[in-house]
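Chain residues, written in single-letter form:
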Number of protein chains: 2
Amino acid sequence: MEQRTELNALGEFALIKHLTQYFIPQHESTIKGIGDDAAIVSSDGVHDQVVTTDLLIEGVHFDLMYTPLKHLGYKAVAVNVSDICAMNARPKYITVSFAVSNRFSLEAMEELYSGMQLACEKYGVDLIGGDTSSAPSGLMISITAIGEVLPEKVVTRDGAKLNDLIVVSGDLGGAYLGLQVLEREKEVYKSTPSIQPDLSGFDYLLQRQLKPEARMDVLQFLSDLKIQPTAMIDVSDGLSSDLMHIAKQSMLGCDIYENKIPLAPDTIRVAADFGLDPLTCALNGGEDYELLFTITQTDYEKIKGSPHFSIIGHMTEESTGCRLITKSNEAFNLQAQGWQAFKE
Amino acid sequence: MEQRTELNALGEFALIKHLTQYFIPQHESTIKGIGDDAAIVSSDGVHDQVVTTDLLIEGVHFDLMYTPLKHLGYKAVAVNVSDICAMNARPKYITVSFAVSNRFSLEAMEELYSGMQLACEKYGVDLIGGDTSSAPSGLMISITAIGEVLPEKVVTRDGAKLNDLIVVSGDLGGAYLGLQVLEREKEVYKSTPSIQPDLSGFDYLLQRQLKPEARMDVLQFLSDLKIQPTAMIDVSDGLSSDLMHIAKQSMLGCDIYENKIPLAPDTIRVAADFGLDPLTCALNGGEDYELLFTITQTDYEKIKGSPHFSIIGHMTEESTGCRLITKSNEAFNLQAQGWQAFKE
């Protein structure tokens, strides 16, 4: 009998690594292939190019019961731009493909594209191509984004050094709580369709979930502060999972401090409503699309007063592992409990 | 009541044009966006870059009942490489994303990737990125390919001039007949599963359908002959539809001659078996992935003896329209009856 291994046996990152292990780059210009926020290829000009691609599948990545198509279009572009930013690069071009069932009308697709157009204008990205198809069910969006960066400016996940400071922009956990609010109202609606969903007072968290922004502004802040991060990633899977990528690829450990993790007041308040620990939301929630990066200790003075950043810890020896240091000074190993594309 | 327009009301090309009409390129480096085989962007180096993207959806673009996953992987890469070739460019990089239901095992995906790997090696393409996801149903593949070309060498669809000769590589209609053979055996199998499918004697046509090649070799032939095409497209939708793209975008008409259309002996033989006109298969079948291009009359002497090419007609005034001249010297208007991604 033929062997059958389920796809979820490996986890998403190991799956891609497994499937692509025999692909050997043939071009010297391929500087970095699979394994970072984006690939890096050198052109014969001044800039290198970075390339990233993302799938958004209905029922897996989004729920149209509470996601307006315009927001979805905006988010689809923003999350790809975020991957480009995580390489310290500027986004320039995207291609957008979609496959849809006949459940979707032209007017629905116009909504989707109006959101994408807003994001393209906001981030200065040109839509240069795409493909469309019917599909047996649902809506599927595939986006590829291309950006450019000076070779000496590019930042990967593997460049963190021992004792580097760990910094994150904005605040964390909000997008996950926004999702909880939406899921709760969906359940209410399903059991009692006559009740209007009550989303008042959740503006910030809903915006974090439904209309996240790529932190292109952070690249400018860093440039203004004359800071070149040593490693960087965007927080898409959750702080724990994403920080562990930096640590693993830099062959280091890390310590982060509970009392340094940035949480918005709304995150703390609504987490309490749901009986959730806001710290757990920040560590494992994901989809915040903040930039998480490391800097040399000598850059501390440059960044310490900035309202845009929180210094949350530092890189340690690999043997120490990745740890959360609590307020009571206990150390717990971080766990990658982030997003899994292949669930049981 | 809200208006609802079905997506198939417009046709695929008009749909993309409609949805993207308000997207204004912001970068001067965006030379050509949507509307050719690939987009063209200038880098700050010697070469321009071309970018193309394609979706392959189970049940729409392929049927796994008779498509081996390894062949599908090969074809998925080849059709994107073909789009790059149609710009007279060399493919360099691809990203591959897929979404699958839990019907698919790891071993199945290994098969798919082994085919893609073969194609990457054959065409000299580096796999640099991708995304994976579960999906509610079926298998969906999204590929983006990036190539490079010297700015003076790039060929678009809109450069044909009056009286230019129309040339096509290889032969046409075979891929469509390969599909008919496979569909016939599928019906036999469905009605009588105990009968083994009989595919003997159809090797050429099945290869045309299941494992098409991108004609990168044609670019070398043209370069050796010192021919720079004035316009080019790959035959994916069918000769009629694809030639009409060149004519329309070049604001010209065209005449092609029935007795010049290249047909393989197997195509003629099997078309007869199926009671089909092989010429119709060539005009409307599609998926041949040959290169269709125009050249100036002065290049006639260079190409006339080549075994790789057929000169099938010439460009005419726009007012004449796009015509097929039959053996009995009758003129019929060509019709774009090619592939439709959104069927009724």
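Draft legend 1. Fine view of the interface of chain A and chain B. Taken together, the contact between chain A and chain B spans 73 residues of the former and 73 residues of the latter. Mapped by element, the contributors of at least two residues to the side of chain A that touches chain B are helix H1 (12–19), strand E2 (39–42), strand E3 (48–57), strand E4 (90–100), helix H3 (106–123), strand E5 (126–129), strand E6 (132–134) and strand E7 (139–149) of chain A. Of the residues forming the side of chain A that touches chain B, the biggest block, 7 residues, is contributed by H3(A).

Draft legend 2. Quick look at the relation of the copies chain A and chain B. Mapping chain A onto chain B calls for a rotation angle of 180° and an axial translation of 0.0 Å; the resulting RMSD is 0.0 Å. Between the two chains, the operation in question is that of a two-fold axis. Closest approach to the rotation axis within chain A is made by the C-alpha atom of Gly45(A), at a distance of 1.7 Å. Of the residues that chain A buries at the interface, 100% are likewise interface residues in chain B, meaning the two copies contact each other through the same surface.

Draft legend 3. Representation of the sheet that holds strand E12 (residues 309–316) of chain B within the structure. Residues and elements named next belong to chain B. Strand order in this open sheet of 7 strands is E9-E11-E8-E12-E10-E13-E14, and the pairing throughout is mixed. If you trace the sheet from one side to the other, it starts and ends with strand E9 (231–234) and strand E14 (331–333), each paired once. With direction set aside, neighbouring strand axes in the sheet form an average angle of 25°. The pairing of E9 with strand E11 (residues 291–295) spans 4 bridges and is classified as antiparallel. Residue pairing for E11: Ile-233 is matched across the bridge by Leu-292.

Draft legend 4. The arrangement of the domain arrangement of chain A in detail. Residue and element names in this part refer to chain A. Splitting chain A by domain gives domain 1 (7–149) and domain 2 (165–333). Its C-alpha centre places domain 1 at a distance of 22 Å from the equivalent point of domain 2. In this complex, domain 1 contributes 16 residues to the contact, which on the side of domain 2 involves 18 residues. The element best represented in the side of domain 1 that touches domain 2 is helix H2 (residues 69–85), accounting for 9 residues. Split by residue class, the side of domain 1 that touches domain 2 holds 9 nonpolar, 4 polar and 3 charged.

Draft legend 5. Focus on unusual backbone geometry. Its identity is not glycine, yet Asn88(B) carries a phi of approximately 65°, on the positive side. Assignment of secondary structure puts Asn88(B) in the loop between helix H2 (69–85) and strand E4 (90–100).

Draft legend 6. Broad picture of the sheet that holds strand E14 (residues 331–333) of chain A. All names here are of chain A. The mixed open sheet is built from 7 strands, whose spatial order is E9-E11-E8-E12-E10-E13-E14. Of all the strands in the sheet, just strand E9 (231–234) and E14 have a single pairing partner and so form its edges. Neighbour to neighbour, the strand axes of the sheet diverge by 25° on average, direction disregarded. Where strand E10 (residues 253–257) and strand E13 (residues 322–325) come together, 4 bridges link them in parallel fashion.

Draft legend 7. Main features of the environment of Glu111(B). Residues and elements named next belong to chain B. Within the secondary structure, Glu-111 is located in helix H3 (residues 106–123). Residue Glu-111 is classed as partly exposed on the basis of its 18 C-beta neighbours within 10 Å. Residues Glu-111 and Asn-333 lie 222 residues apart in sequence; the distance between their C-alpha atoms is 44 Å. Beyond its immediate sequence surroundings of up to four residues, Glu-111 is in contact with Leu-69 and Lys-70.

What counts and what doesn't
- Residues numbered from 1 in each chain as written.
- Chains lettered and ligands numbered in written order.
- Predicted model: local features only at pLDDT ≥ 70, side-chain atom pairs only at ≥ 80, totals over all residues.
- Contact = placed C-beta atoms within 7 Å.
- Helix = DSSP H or I, 4+ residues; strand = E, 2+ residues; numbered from the N terminus.
- Least-squares fit on C-alpha atoms with pLDDT ≥ 70 in both.
- Pairing = 2+ DSSP bridges.
- Axes fitted to C-alpha atoms, helices over the stretch in contact; angles between N-to-C directions.
- Domains from an automatic or database assignment.
- Nonpolar A, V, L, I, M, F, W, Y, C, P; charged D, E, K, R; others polar.
- Buried ≥ 20, exposed ≤ 12 C-beta atoms within 10 Å, placed from the backbone.

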